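One-letter residues, chain by chain:
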Amino acid sequence: MSKATLTAVFIAFLLTSSGAKPNGKNKKPKQAVPAIECDMRAGKINLSEFIVKCPANCRETKEKVYGTGVFASISSICNAAIHSGVITNSGGKVIVTKMAGQMIYKGSFANGVRSLSLPNRRESFSVSVGKPKKGVTYPSTLVFVPSRPTTVKTASPVTEAVETEPSSTAAPPTTTHVTTPITTAPPITTSAKPRVINHRVPEAGVHRPETGTIIRRQPHVSSSSAPAPEHKPPSETSSPVPEVLSQGDSNCKVDIAFLMDGSWSIGKRRFEIQKDFLVGVSQVINVGVAGPMMGIIQYGDDPVTEFSLKHFSSSIDLTPAISKIVQKGGLSNVGKALSYINKHFFSDANGNRGGAPNVAVVLVDGWPTDEVEEASRLARESGINIFFVTIEGPDENEKQNVVETNFVDKAVCRTNGFFSFPIMSWFALRKAVQPLVKRVCDTDRLVCSKTCLNANDIAFVIDGSSSVGTGNFRTVLQFVANVTQEFEISDTDTRVGIVQYTYEQRLEFAFGQYNNKADLLNAIKRINYWSGGTSTGAAITFAADQLFSKSKPNKRKIMIVITDGRSYDDVRAPALAVHRKGVIAYSIGIAWAAQDELEYIATDPDRDHSFFVDEFDNLYKYVPKIIHNICNEFNSQPRN
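Residues numbered from 1 in each chain as written. Predicted model: local features only at pLDDT ≥ 70, side-chain atom pairs only at ≥ 80, totals over all residues. Heavy atoms only, no water.

**Quick notes on the environment of Lys550**
With respect to the secondary-structure elements, Lys550 resides in the loop between helix H12 (536–546) and strand E21 (556–563). Judged by its relative accessible area of 54%, Lys550 is exposed. The spacing of Lys550 and Phe511 is 39 residues in sequence and 7.8 Å in space, taken between C-alpha atoms. Beyond its immediate sequence surroundings of up to four residues, Lys550 is in contact with Arg495 and Asp545. (Helix = DSSP H or I, 4+ residues; strand = E, 2+ residues; numbered from the N terminus. Buried < 20%, exposed > 50% of the residue type's maximum accessible area, 1.4 Å probe, protein only. Contact = heavy atoms within 4.5 Å.)

Shown next as structure tokens:
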């Protein structure tokens, strides 16, 4: 080989080993994928679609997941991705797509992750493999929903901070965590008399005469990136966190919205009496971060948030705020106000704590000037406990002017007298302070806060006859455990009791005997197979006497009977007796169970409450169906 040839070969080798491309083009940079923790919920990220990287071993953290395929926004992203098979427990990249909420989310078990059932959330998401489509670039950083407003410190301009709002393109259209300020605020009318709420640092803000709140001064921001401060509604304004937070009464942990009547019909003097009443309530309930939190909406033609749940953390701060409220005027549109609190007020952004029951106390002078039934029904189904305080209601001559007759019964959480306060005179209103506080703090009776997962006393009536056999009996117990797993178990949530029967009956354990899920599941596993005959009718009567006679008020009574054969005694009369006592009965037949008996046992309609499988190993298929029906029935029932 010539010297020239060797030189050419050597140069070619150097060019090749240097990594240079023949066409001179650089490789496209990789998509930057932000990493998240196992417990990150989709609803905490304020983007409509994004990509994230999950760490390994998220399945071991047992973070909550709600739904199958489509998940509620409060679910863990990483565990939802494992449940869906998008990633394994070793972690990996996940694309998250937000979507509208579902009426119900069905739980299931997949890939080592147990997802739970849940009714009615306003935002959902789905997960897919983290491989972006060609030409699609996802945000390299995540935008999070703020947990509390950022305050501006006036002492040092250098440390002055502003909370940047996400762009409109990034925010999901259905999120329940952040509300676009301009679209959610009702029109604000200007009051003639200015008023100021005594915040801790008033010198840092601009006074809003029409709403009685303070808007924090913000550094100059481009008009394209954020709305002007003067358009922010009171519920979205930044307010300083008090230096010392009151703990409040921990025995009254509720989030309360008072809807005060600001209509012209109330007059100035009675409007002041109403404010004095609210001051009295705020002092008695002892507002604090570990106890009750209180907000006020004034309604007239349209509702306006005077201050949200997050604005004040002590009764001392509430008193001057209430005293500065100025009457709005207009009609008494209560229905519109109830729709407003349901859609906007009880949100994470406004200080809703999630674990505390939501309470709305509506004060009405006379009667509403619009319809309340539909708005209140939707609010109750969202878990809001509605109380009505009616002062000087319509007399006989005025009843013809009432827009909706029996409006209180159509609006309150239950028509049992507990949720309604008729007051004969405005001057007697102060006497209602203590009784009202006692009721709103009675969390055991705030039944509209309950959901299908925590509002039940469930009795399993299990066939332990000889035809079942030991192996199949263990399969039945696993089925019982799988159903139980879906519910929130505690003395104040769902309680479970079990009866095993042959010719005789045995109470395995009563309602409330095991008040946490782990102890309850262990107790189910320890049940011993009995063996004997089949007297299903007597077992139903026994369950009624030993379990449902001790059921709590306001709990739904549910009985699930599991049998593999025809009963030696009559089932029709015992089943009819428990139906009349308000027990919702499900029947599950296996192998040789008699179809006519299953239908007698089941609550109507049979197709929703009676099920049959040809062999024990197929019982598991009905777990999601039973949970779905229990929740669907709960959500569709009128709350009155």
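That shown, we press on.
**Remarks on the packing of aromatic side chains**
All chains considered together, the criterion is met by 12 aromatic pairs. With 5.3 Å between their ring centres and 90° between their planes, Phe345 and Phe346 make a pair best called edge-to-face. This pair shows no difference in class: Phe345 is buried, exactly as Phe346 is. Through a chain of ring-to-ring contacts, three or more aromatic side chains come together here, namely Phe387, Phe418 and Phe419. Note that Arg506 overlies the ring of Trp530, its terminal NZ or CZ placed 4.7 Å from the centroid. (Phe/Tyr/Trp six-rings, centres within 6.5 Å; stacked < 30°, edge-to-face > 60°. Lys NZ or Arg CZ within 6 Å of the ring centre and 35° of its normal.)

**Remarks on the side chain of Asn333**
Residue placement: Asn333 occurs in the loop between helix H5 (315–323) and helix H6 (334–345). Discounting chain neighbours no more than four positions away, the residues touching Asn333 are Tyr299, Gly300, Asp301, Thr369 and Asp370.

**Description of the sheet that holds strand E12 (residues 255–261)**
As summarised here, the arrangement of the 6 strands in space is E14-E13-E12-E15-E16-E17, forming an open sheet in which the pairing is mixed. Of all strands in the sheet, those with a lone pairing partner are strand E14 (303–307) and strand E17 (420–423), marking the two edges. Pairwise comparison of adjacent strand axes, ignoring direction, gives a mean angle of 20° for this sheet. The sheet contact formed by strand E16 (residues 384–391) and E17 spans 4 bridges and is parallel. Bridging across to E17, Phe388 finds its partner in Ser420. Relative to E12, helix H4 (residues 267–285) is tilted by about 170°, and along the sheet it contacts E12, strand E13 (293–299) and strand E15 (358–365). (Pairing = 2+ DSSP bridges. Axes fitted to C-alpha atoms, helices over the stretch in contact; angles between N-to-C directions.)

**Details of unusual backbone geometry**
The amide bond that connects Asp604 to the next residue, Pro605, takes the cis arrangement and shows omega of -5°. Secondary-structure assignment places Pro605 in the loop between helix H14 (595–601) and helix H15 (606–609). Here the phi dihedral of Asn286 falls at roughly 60°; this positive angle occurs in a residue that is not glycine. Looking at the secondary structure, you find Asn286 in the loop between H4 and E13.

**So, the packing of helix H10 (residues 470–485) against helix H11 (residues 517–525)**
At a closest axis distance of 9 Å, the pairing of H10 and H11 adopts a crossing angle of 165°. Between H10 and H11, the crossing angle belongs to the class labelled roughly antiparallel. Seen from above, H10 lies across H11 with right-handed handedness. In this structure, H10 uses Arg474, Leu477, Val480, Ala481, Thr484 and Gln485 to contact H11, whose residues at the interface are Lys517, Leu520, Leu521, Ile524 and Lys525. When grouped by side-chain class, the residues that make up the contact of H10 with H11 number 6 nonpolar, 2 polar and 3 charged. (Parallel < 35°, antiparallel > 145°, perpendicular 65-115°, else oblique. Left-handed = near helix turned anticlockwise from the far one by under 90°. Nonpolar A, V, L, I, M, F, W, Y, C, P; charged D, E, K, R; others polar.)

**Details of helix H2 (residues 77–84)**
Of all 8 residues making up H2, 7 are buried, and the element is well covered by its neighbours. Of the positions making up H2, those classed as buried are Ile77, Cys78, Asn79, Ala80, Ala81, Ile82 and His83. Positioned one or two residues after H2, Gly85 has a phi angle of 80°, which is positive.

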